2 protein chains.
Amino acid sequence: MHHLLILTKHPDEYRGLVEAAGCPDLAIVASADVADGVARGAHSDILLGDPSRVREALPHLPRLVWTQLTWAGVESMLDPSLRRDYVLTNIRGVFGPLMSEYVFGYLLLIERKMLPRLEAQRAGRWDPTLPGTLQGKTLGLVGVGSIGAHLAATGKHFGMRVHGYTRSSRDCRHVDRYFHGAEKPAFARDLDYLVVVLPNTGDTTAIVDAEMIDALPSRAVLVNVGRGRTIDDVAVVAALTSGRLAGAVLDVFPEEPLPAASPFWTTPNTFITSHTSAPSFPTDIVGVFVENYRRFHRGDSLLYRVDFERGY
Amino acid sequence: MHHLLILTKHPDEYRGLVEAAGCPDLAIVASADVADGVARGAHSDILLGDPSRVREALPHLPRLVWTQLTWAGVESMLDPSLRRDYVLTNIRGVFGPLMSEYVFGYLLLIERKMLPRLEAQRAGRWDPTLPGTLQGKTLGLVGVGSIGAHLAATGKHFGMRVHGYTRSSRDCRHVDRYFHGAEKPAFARDLDYLVVVLPNTGDTTAIVDAEMIDALPSRAVLVNVGRGRTIDDVAVVAALTSGRLAGAVLDVFPEEPLPAASPFWTTPNTFITSHTSAPSFPTDIVGVFVENYRRFHRGDSLLYRVDFERGY
């Protein structure tokens, strides 16, 4: 018999979905409260939870073998003061489609001139202004993991060219051209949309720097759906304020909620979307957990295992 | 030698694109003015033009063999008073991608709550409200021709179920379930989005009637990108006003520009987009023309030939 401890904001919904999936040999304790959960589930060998709750529970679960996070972002689990004597898996696959909805939703809002068109409508004015189109435009992805690969596929569906800037990987069939290392200006030069989809690791801090931003055409729009620290926000604010960059769609920030004093609130042509681009919907998360539990139960290797050293 | 008369709003752009394509044995006359064009191109056997100009030029081109329209909509060419002793081709294929951008742009605007999120931003408020998602939602298409098929493919890309209401066709592999004839209520009952993409023919007038609209769930949104007369606009305004229908995105109307007195201007939860969903970009149109000219020159059958009797 395995013992699962669920520590999430909505424990009853998660418990109901796991139970409905009929996992064999599995007893479940679920709570939103870490102290309550570890008291009732102290013998758990499996933990399913939000990163902040998992972090707090780790010292209290001596039999822990496997932790399934409900998020993609793992940086809070990489703190060297935390134990690493267990298998950590995160969520991948399910965020690609959600990120595609977010990114292409905003790209189409911009191309199709939806906001000026709505203003015309409110003024009672027939507005036959031609829209733009994504066809033939160039999408640049900084980071081409599972989410970036899904964005690349959606870009191809809409007839875009897709360029990728990666450390070394070049295995996504939907990316037309790869750039690495010192090729930031060459990568940025032809882009219509620069979409950043990187996790926080030591290597990714401010990877989108003034060199990359200054090389973008003035028509370009920056979209950040990864982590706030991966872009040099001073350079981004400056480029948007001076008009050297046409716009930005920012879902993530170094500090969240975005502080009232942040210059982003008043930066022109900027959309702020409050870290909502790819929420963890319980049905999606439980789908990944159940597949991994079946593997765990059979003794097979798990999907989406995190390498503590690489940080993803 | 063939003789092409171009009659479009932007004749020089069209002429330049056709010339750049290097069509063999082709002399070109181009004008925005019909009287000028037919005077200089009276011997033309090929006509490439906007429907209104084509209509006016038809009586003056005795050698006409083939007309390539720059539009998808052919209804103005079906007037029984007009000659039919020539091959008429319209534009298909290129509008599917543009319509997908339009339709899914607005679906995502709605699902991702972009307008309320923008209001929160303008108020300086961090707004972590969860978005909706297209995944698992049901898209209902009224009309599954080449444009509908592209919308169906895009719906599948975003993880939607796709239902189709057609006269009899059922050959699109991206449509999960087909409905016909008297099945309007069964078709409408489970839809999240009802997208109408029908041409104007005698058979399609008000095909989206009170019976279909009243069978929709109250969460449903109507999108019309076909022709204005295909929906019963009185029933649509009533359903939107009473809240029995959640919203509408309307690109086409029985009379365009939409008259100032139209109730649509003040109907709640309605987007009016001034017939801009799929403009005829000259590069796309000339691409179709050039492919058809190669076929014409070889004596092969042409793409997208219109059947005057069926009306499409």
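Up top is the structure these notes are about.
Before going into details, it helps to say that this report is about the structure given with it. (Residues numbered from 1 in each chain as written. Chains lettered and ligands numbered in written order. Predicted model: local features only at pLDDT ≥ 70, side-chain atom pairs only at ≥ 80, totals over all residues. Heavy atoms only, no water.)

1. Some points on the relation of the copies chain B and chain A
Each of the two chain copies can be brought onto the other by rotation about an axis and movement along it.
Right, so step 1: After a rotation of 180° and a shift along the axis of 0.0 Å, chain B superposes on chain A with an RMSD of 0.1 Å. Here the transformation between the copies is reduced to the relation of a two-fold axis. In terms of proximity to the rotation axis, the leading residue of chain B is B:G105, whose C-alpha is 2.7 Å off the axis.
Right, so step 2: By residue overlap, the copies meet face to face through one surface: 100% of the interface positions of chain B are interface positions in chain A. (Least-squares fit on C-alpha atoms with pLDDT ≥ 70 in both. Contact = heavy atoms within 4.5 Å.)

2. Some remarks on the interface of chain B and chain A
Right, so step 1: Taken together, the 50 residues of chain B in the interface contact 50 residues of chain A.
Right, so step 2: For the pair chain B and chain A, the interface holds 19 residue pairs in polar contact (both at pLDDT 80 or more).
Right, so step 3: Where the side of chain B that touches chain A is concerned, the elements lending two or more residues are α4 (95-111), α5 (114-122), α6 (146-157) and β12 (270-272) of chain B.
Right, so step 4: Counting residues per element, the side of chain B that touches chain A draws most heavily on α4(B), which supplies 10 residues.
Right, so step 5: The class makeup of the residues in the side of chain B that touches chain A is 26 nonpolar, 17 polar and seven charged. (Polar contact = N/O pair within 3.5 Å; in protein donor to acceptor, adjacent residues only side chain to side chain. Helix = DSSP H or I, 4+ residues; strand = E, 2+ residues; numbered from the N terminus. Nonpolar A, V, L, I, M, F, W, Y, C, P; charged D, E, K, R; others polar.)

3. Thoughts on the packing of helix α1 (residues 11-20) of chain A against helix α10 (residues 282-298) of chain A
All names here are of chain A.
Right, so step 1: Here α1 crosses α10 at 45°, and the two axes come no closer than 10 Å. Considering the angle they form, α1 stands oblique to α10. α10 is crossed by α1, and the crossing has right-handed handedness. Counting all contacts with α1, which are made through E13, Y14, L17 and V18, the residues of α10 involved are P282, T283, I285, V286 and F289.
Right, so step 2: Residues of the contact of α1 with α10, tallied by class, amount to seven nonpolar, one polar and one charged. (Axes fitted to C-alpha atoms, helices over the stretch in contact; angles between N-to-C directions. Parallel < 35°, antiparallel > 145°, perpendicular 65-115°, else oblique. Left-handed = near helix turned anticlockwise from the far one by under 90°.)

4. Describing unusual backbone geometry
Right, so step 1: With an omega of -10°, the peptide bond running from A:E256 to A:P257 counts as cis.
Right, so step 2: Of note, the phi angle at B:K113 is positive, near 55°, even though the residue is not glycine.
Right, so step 3: Position of B:K113 among the secondary structure elements: in the loop between α4 and α5.
Right, so step 4: Located in the positive-phi region is B:A206, a residue other than glycine, with phi close to 50°.
Right, so step 5: As for its placement among the helices and strands, B:A206 is situated in the loop between β9 (193-196) and α8 (210-215).
Right, so step 6: Judged by its relative accessible area of 28%, B:A206 falls in the partly exposed class. (Buried < 20%, exposed > 50% of the residue type's maximum accessible area, 1.4 Å probe, protein only.)

5. What to know about empty space enclosed by the protein
Right, so step 1: Counted under the stated rule, the structure contains one cavity of 30 Å³ or more.
Right, so step 2: As for the largest cavity, its lining consists of A:R117, A:A120, A:Q121, A:R125, A:W126, A:D127, B:W265, B:I272, B:T273 and B:S274.
Right, so step 3: Looking at which element gives the most residues to the lining of the largest cavity, the answer is helix α5 (residues 114-122) of chain A, with three residues.
Right, so step 4: Here the lining of the largest cavity is built from residues that sort into four nonpolar, three polar and three charged. (1 Å grid on protein atoms, 1.4 Å probe; cavity = no way out; pocket = protein on both sides within 12 Å on 5 of 7 lines; lining within 4 Å. Points joined across faces, edges and corners; volume = space filled by probe spheres on them.)

6. Structural notes on the sheet that holds strand β6 (residues 138-142) of chain B
Residue and element names in this part refer to chain B.
Right, so step 1: The strand order β8-β7-β6-β9-β10-β11-β12 describes an open sheet built from seven strands, whose pairing is parallel. On the outer flanks of this sheet lie β8 (177-179) and β12, each paired with one strand and no other. Averaged over all pairs of adjacent strands, the angle between strand axes in this sheet comes to 15°, irrespective of strand direction.
Right, so step 2: As paired elements, β6 and strand β7 (residues 161-165) share five bridges and run parallel to each other. For V142, the partnering residue across the bridge sits in β7 and is Y165. (Pairing = 2+ DSSP bridges.)

Note that every value here comes from positions in space, so none of it alone points to a role or purpose.
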